[in-house]
Structures are given as C-alpha cells and as structure tokens.
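Structural overview for review
Read off the chains here:
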Amino acid sequence: MAIHSTLAISYASLSPIEPQSKPKPKPKPKTKLNPPPLSISTNRSSVDPVQVQHLFASCGYSCHRFPRTGPDGRVEPVELEKLRVALAHSFVVVSVLCKARFLEGEKEKGALEYGFEDLFGDSDQRLVGFGRAVSDCGLTASIHDVVVIPSLRRRGIGQKIINRILRILTSRGIYDISALCTENERLFFKACGFGFDSLGSTTMMYTQSPGATTDNDGFTVTTSGRMQLLVPPPTHQLKLWKKD
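The protein is annotated in an unreviewed UniProt entry as Acyl-CoA N-acyltransferases (NAT) superfamily protein from Rhynchospora pubera.

Encoded structure:
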C-alpha cells in the first residue's frame, strides 16, 4: 500500500500544474411570473359566445378537427351559432376574467386582425382564459377547448381552469375523465394529473371522408366542405322539370 501511495505522489509531482479555473456562476433560477388579479366564473349564462369566439381567434385556436387556414396562415374563426349550441350543452364551463387595466400593453394578437377591436366597448372585464367539459352527467366526462391568451400563458392560469373543472366533475361523482390533446399539449395535461389509461385504451377519431354514394332511390350523397348534400339522379331532375 505504501509503494502505491509513493508512486501516486511521484506521478502527480511530474505532471504539469494546471491553473485553477474559476468556478462558473450558478445560473439564476427563472422567476415565474404571477398572473394579474383574476376572477373565475362557472356560470354558463354569463358566458358571451362572441367573447369566446374572439378568445379562440386571439389564440389561433379552432374547434374544428381540420380547420381551414387563410393565405396568411390564420385559422378560420369558429362558427358563432355552433359555438352557442356547444356552450349551451356543455356540462361545465369555466371563464377566467381580468380587468382591462392589467392588460394595457399586452394586447392579444388577433383582435384587430379578426375585426374584434370594438368587441368589448367600455367593459372593464376581459375574457383571458376558457375551458369546458362535456359529460353524460353520470359516468364519464371529457375536457375540451382549454385556452389562455398568449400574453398570460405560463402563469398557472391553464391549471386553474383544469383544477376547477376537475373539482366540479369529481364533486358529482364523475371520475372517468379524459382530455383530447395534441402532442404539444401532452406535458400540460400530464402536469395537471392526466396520464395514459391504465386499461390501455386509446381515443380513436372518425376520420373517414365518405365519397359519393348512391342509395336505393338513386339519390347521390356527396360532400361539400363539411356538409353532405343529397343530389337526385338526372332522370328525377328531368321529371321535376317536366312537371314545372
């Protein structure tokens, strides 16, 4: 043991002495920005569909599975009437509001582009976050359309929306709760307590785009955009024309 120790010391004495490098300064921890004063509402009747439409537009969000985009890359705004129906049939609706004075200098991108610049008028409250859930009111529920304006993201507002939805659902005895999310949203929902189903189930979406089909009466069912049209056969059209 003594020989090894001596050899080790000798080897060290023959090695060039390197100057001691200065310790690197520790990186400063990132400070998490706190959100401005907010109010959270679960009153469905107080939700203005026009404000929700504006919020979606500001976030570049579309409720359509395959949204259309314009030449500038902006997604089409959600249809207002369909949005009204969706909100009316939602089991839980969560709105996050902020006073307008706290948003000065943080105008949401999209307001002017989509023509919503006069939407709020003199209102002091702005809709800055939203989320909803649909349910059979007994067994299962799913969470949809969770959005926060870009200027207030990464401040915990999205988690507040999810927590409020979960609290309401679980208080009604509903624990089979799913969330349909993109790959970019997976980490967010994981942070909110979501994970892969322990039963190994997965969500499957209806993706078939039916082509033109003909029924027994000769009528052709064809698609036009997101609509399906029933087109009569040429002979049927000729009979109708003769009757006229």
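Looking only at helices and strands, the protein has six helices and eight strands in total. Counting from the amino terminus, the protein carries its helices and strands in the arrangement α-β-α-α-β-β-β-α-β-α-β-β-β-α. The buried share of the protein, taken over its 244 residues, is 27%. Long-range pairs, those at least 24 residues apart, make up 69% of the contacts in the protein between residues at least 6 apart in sequence. Accessible surface computed for the protein: about 17,800 Å², of which carbon and sulfur atoms make up 55%.

This part takes up the environment of glycine 73. With respect to the helices, strands and loops of the structure, glycine 73 is situated in the loop between helix H2 (49-58) and helix H3 (80-88). A relative accessible area of 49% places glycine 73 in the partly exposed class.

Attention shifts here to the nonpolar core. Formed by 37 residues in total, the largest nonpolar core has its most connected members in Val52, Val92, Phe130, Ile143, Ile165, Leu169 and Phe194. Considering each element in turn, this core owes the most residues, seven residues, to helix H4 (residues 157-171). Ignoring any residue separated from it by four or fewer positions in sequence, one finds phenylalanine 130 in contact with Val47, Val52, Leu55, Phe56, Leu87, Val93, Val94, Ser95, Asp145, Val146, Val147 and Ile161.

Sheet architecture is open: five strands sit in the order E1-E2-E3-E4-E5, paired in mixed fashion. Only two strands of the sheet have a single neighbouring strand rather than two, namely strand E1 (38-41) and strand E5 (176-179). Looking at each pair of strands side by side, their axes are set apart by 20 degrees on average, direction ignored. Pairing analysis gives eight bridges linking strand E2 (residues 92-99) to strand E3 (residues 125-135), with the strands arranged antiparallel. Bridging across to E3, lysine 99 finds its partner in glutamine 125. Strands E3 and strand E4 (140-148) of the sheet are contacted by H2, whose axis makes an angle of about 95 degrees with E3. Contacting E1, E2, E3, E4 and E5, H4 runs over the sheet at an angle of about 160 degrees to E4.

Here we come to the packing of H2 against H3. When two helices pack together, you describe them by how their axes are tilted relative to each other and by the distance separating the axes. In contact at an axis separation of 10 Å, H2 and H3 are set at 110 degrees when each is read in the N-to-C sense. Of the possible angle classes, the one that applies to H2 and H3 is roughly perpendicular. For the crossing formed where H2 meets H3, the hand is right-handed. In this structure, H2 contributes Pro49, Val50, Val52, Gln53 and Phe56 to the contact, and H3 contributes Leu80, Leu83, Arg84 and Leu87. Looking at the contact of H2 with H3 residue by residue, the classes come out as seven nonpolar, one polar and one charged.

The buried fraction of H2 is high, at nine of ten residues. Those residues of H2 not exposed but buried are Pro49, Gln51, Val52, Gln53, His54, Leu55, Phe56, Ala57 and Ser58. Here the buried face of H2 lies against H3, E3 and E4. Its side-chain oxygen placed 3.1 Å from the backbone nitrogen of valine 50, aspartate 48 serves as the N-cap of H2.

Turning our attention to the packing of aromatic side chains. Given two aromatic rings, their pairing is described by the distance between the two centres and the angle made by the two planes. Scanning the model with the defined rule gives four aromatic pairs in all. Ring centres of phenylalanine 188 and phenylalanine 189 lie 5.1 Å apart, and the angle between their planes is 75 degrees; on these two criteria the pair is classed as edge-to-face. Arranged with centres 5.6 Å apart and planes meeting at 90 degrees, the rings of phenylalanine 189 and phenylalanine 194 form a pair that is edge-to-face. There is no split in this pair, since phenylalanine 189 and phenylalanine 194 are both buried. A network of ring pairs unites the aromatic residues Phe56, Tyr61 and Phe130 as a single cluster.

A complete count under the given rule lists two salt bridges for this structure. Two residues, aspartate 145 and arginine 132, come together in a salt bridge whose shortest N-O distance is 2.7 Å. Of this pair, aspartate 145 sits in strand E4 while arginine 132 sits in strand E3; the two residues are 13 residues apart in sequence, bridging distant segments of the chain. With respect to class, aspartate 145 is no different from arginine 132; both count as buried.

Rules of the game
- Residues numbered from 1 in each chain as written.
- Predicted model: local features only at pLDDT ≥ 70, side-chain atom pairs only at ≥ 80, totals over all residues.
- Heavy atoms only, no water.
- Helix = DSSP H or I, 4+ residues; strand = E, 2+ residues; numbered from the N terminus.
- Buried < 20%, exposed > 50% of the residue type's maximum accessible area, 1.4 Å probe, protein only.
- Contact = heavy atoms within 4.5 Å.
- Areas by Shrake-Rupley, 256 points an atom, 1.4 Å probe, with all protein chains shown as cover.
- Core = buried A, V, L, I, M, F, W, Y, C linked by side-chain atoms within 4.5 Å.
- Pairing = 2+ DSSP bridges.
- Axes fitted to C-alpha atoms, helices over the stretch in contact; angles between N-to-C directions.
- Parallel < 35°, antiparallel > 145°, perpendicular 65-115°, else oblique.
- Left-handed = near helix turned anticlockwise from the far one by under 90°.
- Nonpolar A, V, L, I, M, F, W, Y, C, P; charged D, E, K, R; others polar.
- Polar contact = N/O pair within 3.5 Å; in protein donor to acceptor, adjacent residues only side chain to side chain.
- Phe/Tyr/Trp six-rings, centres within 6.5 Å; stacked < 30°, edge-to-face > 60°.
- Salt bridge = Lys/Arg side-chain N within 4 Å of Asp/Glu carboxyl O.

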